[in-house]
Amino acid sequence: DKGGYKHFMAKEIAEQPTVLQGALAHYIDTDTMQVQLPDPGLDFGKVERLSLVACGTAYLACMVAKYWFEQHARLPVEVDVASEFRYREPPVPKGTVALFVSQSGETADTLAALRYMDGRADSILSVVNVPESSIARESDLPLPTLAGAEIGVASTKAFTCQLTTLAMLVLKAAQDRGEMSAEDVAEKLKLLRALPGMINQALNIESQTQALAGELAEARDILFLGRGQMYPLAHEGALKLKEISYIHAEAYASGELKHGPIALVDPNVPVIVMAPRDALFEKTVSNMQEVMARGGKVLLIADEKGAQEAGEGTWRTLIMPEVDDFLAPILYAIPAQLLAYHTAVAKGTDVDQPRNLAKSVTVE
Ligand code: F6R
């Protein structure tokens, strides 16, 4: 049941404030304002290294989590695409905890990677949407993402719920490792609880993305740029767009552009820049200006102040709500999803059932 929406994907994008609220309620003890994990829990004070493994969008959630765990919990993290993991037979140092992220919980490569880590890692965590799935059942600590059934092949609400669940783990880890006080954690949890409302606000850019989509649909190639924790989001924007609109899209770390990809810039290649006003905003903007100086057609996604500071000369600007650095990756998933969705609709592709793709990839 599409609930009055034209596609499951549209419905699932719109559901995000509601499902996120449910996920937050599940993981936050509101009396103490602390993170509560299901039994048997985990003491991150004893963890020396995290190994995160997943595929596709779930892998991009892991990439965001790497920035978070390293910055906030000072915990070393490695991230791998599941299909590149087990055949390499990676050595697993003592003190390693493995974490697998999967919407379906049945992705063949992710499950095989989990089985490789069983007996090698100290403990196996998973962040899964389907609680009775193989990955959940074979983990020591399965954490549900509580996104509800996701029907559209392109992952939307599962991604933001994965990020939210991972954010909970990051805060727990930061506290266990003495990098954040109980007050600091409570402060971040308060911000997280305001996130569903901010996502509602961010969903207001829908009519503007729709207005842009016709022009984006004409492009043969589109570039996405981001820095720091926005780099995985640039990848998410590109993946979503490729998947459902069949337009060739690539993501680059903004700072990597001048090492080659800037040669691709010309007036026919839209360049989408994800630039919340975080610690790296100025650097992202200077990379964006390099693109514009070469005739690039820039779509800037930033908040009001950011757009005032840097919006001059861009092709278009999408204005997002102001957001704390920590939560920016979750909020900026919304424009990534909406741009892909409306571009695909403008092209007339089959949004919910894109060609060549399956919702659950149970073969390697
Ligand atoms: C992209 C998408 C895929 C999945 C990937 C992993 O929109 O949906 O990239 O994220 O196939 O699937 P799960 O999360 O079920 O392991």
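Our subject is the structure that appears above.
Below or above, wherever it landed, is the structure these notes cover. (Residues numbered from 1 in each chain as written. Predicted model: local features only at pLDDT ≥ 70, side-chain atom pairs only at ≥ 80, totals over all residues. Heavy atoms only, no water.)

Observations regarding the site of the ligand
(1) Moving on: Contacts to the ligand come from 13 residues, most closely from Ser102, Gln103, Ser104, Thr107 and Glu243.
(2) Moving on: In this structure, an oxygen atom belonging to the ligand sits 2.9 Å away from a side-chain N or O atom of Lys240.
(3) Moving on: Protein burial of the ligand: of its 410 Å² of free accessible surface, 90% is covered by the chains.
(4) Moving on: At the level of secondary structure, the elements contributing two or more residues to the shell around the ligand comprise helix 3 (56-73) and helix 10 (231-245). (Near = heavy atom within 4 Å. Polar contact = N/O pair within 3.5 Å; in protein donor to acceptor, adjacent residues only side chain to side chain. Areas by Shrake-Rupley, 256 points an atom, 1.4 Å probe, with all protein chains shown as cover. Helix = DSSP H or I, 4+ residues; strand = E, 2+ residues; numbered from the N terminus.)

Structural notes on the environment of Ile199
(1) Moving on: By secondary structure assignment, the location of Ile199 is in helix 8 (residues 195-202).
(2) Moving on: Its relative accessible area of 0% is what places Ile199 among the buried residues.
(3) Moving on: Contacts of Ile199, omitting those with residues within four sequence positions, involve Gln16, Pro17, Leu20, Ile330, Leu331 and Ile334. (Buried < 20%, exposed > 50% of the residue type's maximum accessible area, 1.4 Å probe, protein only. Contact = heavy atoms within 4.5 Å.)

A few points about the sheet that holds strand 5 (residues 96-102)
The strands that make up a sheet are held in pairs by hydrogen bonds between backbone atoms, and each pair lies either parallel or antiparallel.
(1) Moving on: Strand order in this open sheet of 5 strands is 4-3-5-6-7, and the pairing throughout is parallel. Of all the strands in the sheet, just strand 4 (77-81) and strand 7 (141-144) have a single pairing partner and so form its edges. The sheet shows a mean angle of 20 degrees between the axes of neighbouring strands, direction not considered.
(2) Moving on: Here strand 6 (residues 123-128) runs beside strand 7; their pairing, made up of 4 bridges, is parallel. (Pairing = 2+ DSSP bridges. Axes fitted to C-alpha atoms, helices over the stretch in contact; angles between N-to-C directions.)

Considerations on the packing of aromatic side chains
For any pair of aromatic rings, geometry is given as the distance between the ring centres together with the angle between the planes.
(1) Moving on: By the definition in use, this model includes 3 aromatic pairs.
(2) Moving on: The interplanar angle of 35 degrees and the centroid separation of 6.2 Å between the aromatic rings of Phe44 and Phe69 together place this pair among those described as tilted. Here the residue Phe44 occupies a position in the loop between strand 2 (34-35) and strand 3 (49-54), and Phe69 occupies one in helix 3, the gap between them amounting to 25 residues.
(3) Moving on: Given the relative accessible area of 0%, Phe44 is considered buried.
(4) Moving on: Its relative accessible area of 0% is what places Phe69 among the buried residues.
(5) Moving on: Seen in terms of ring centroids, Trp68 and Phe326 are 5.0 Å apart; in terms of plane orientation they differ by 50 degrees. Their pairing is tilted. Of this pair, Trp68 sits in helix 3 while Phe326 sits in the loop between strand 12 (316-320) and helix 13 (328-331), and the two are 258 residues apart along the sequence. Like Phe326, Trp68 is buried.
(6) Moving on: Seen from the ring of Trp315, Lys297 lies directly overhead, with NZ or CZ sitting 4.5 Å from the centre.
(7) Moving on: The lysine or arginine in question, Arg355, covers the ring of Tyr246, its NZ or CZ lying 3.8 Å from the ring centre. (Phe/Tyr/Trp six-rings, centres within 6.5 Å; stacked < 30°, edge-to-face > 60°. Lys NZ or Arg CZ within 6 Å of the ring centre and 35° of its normal.)

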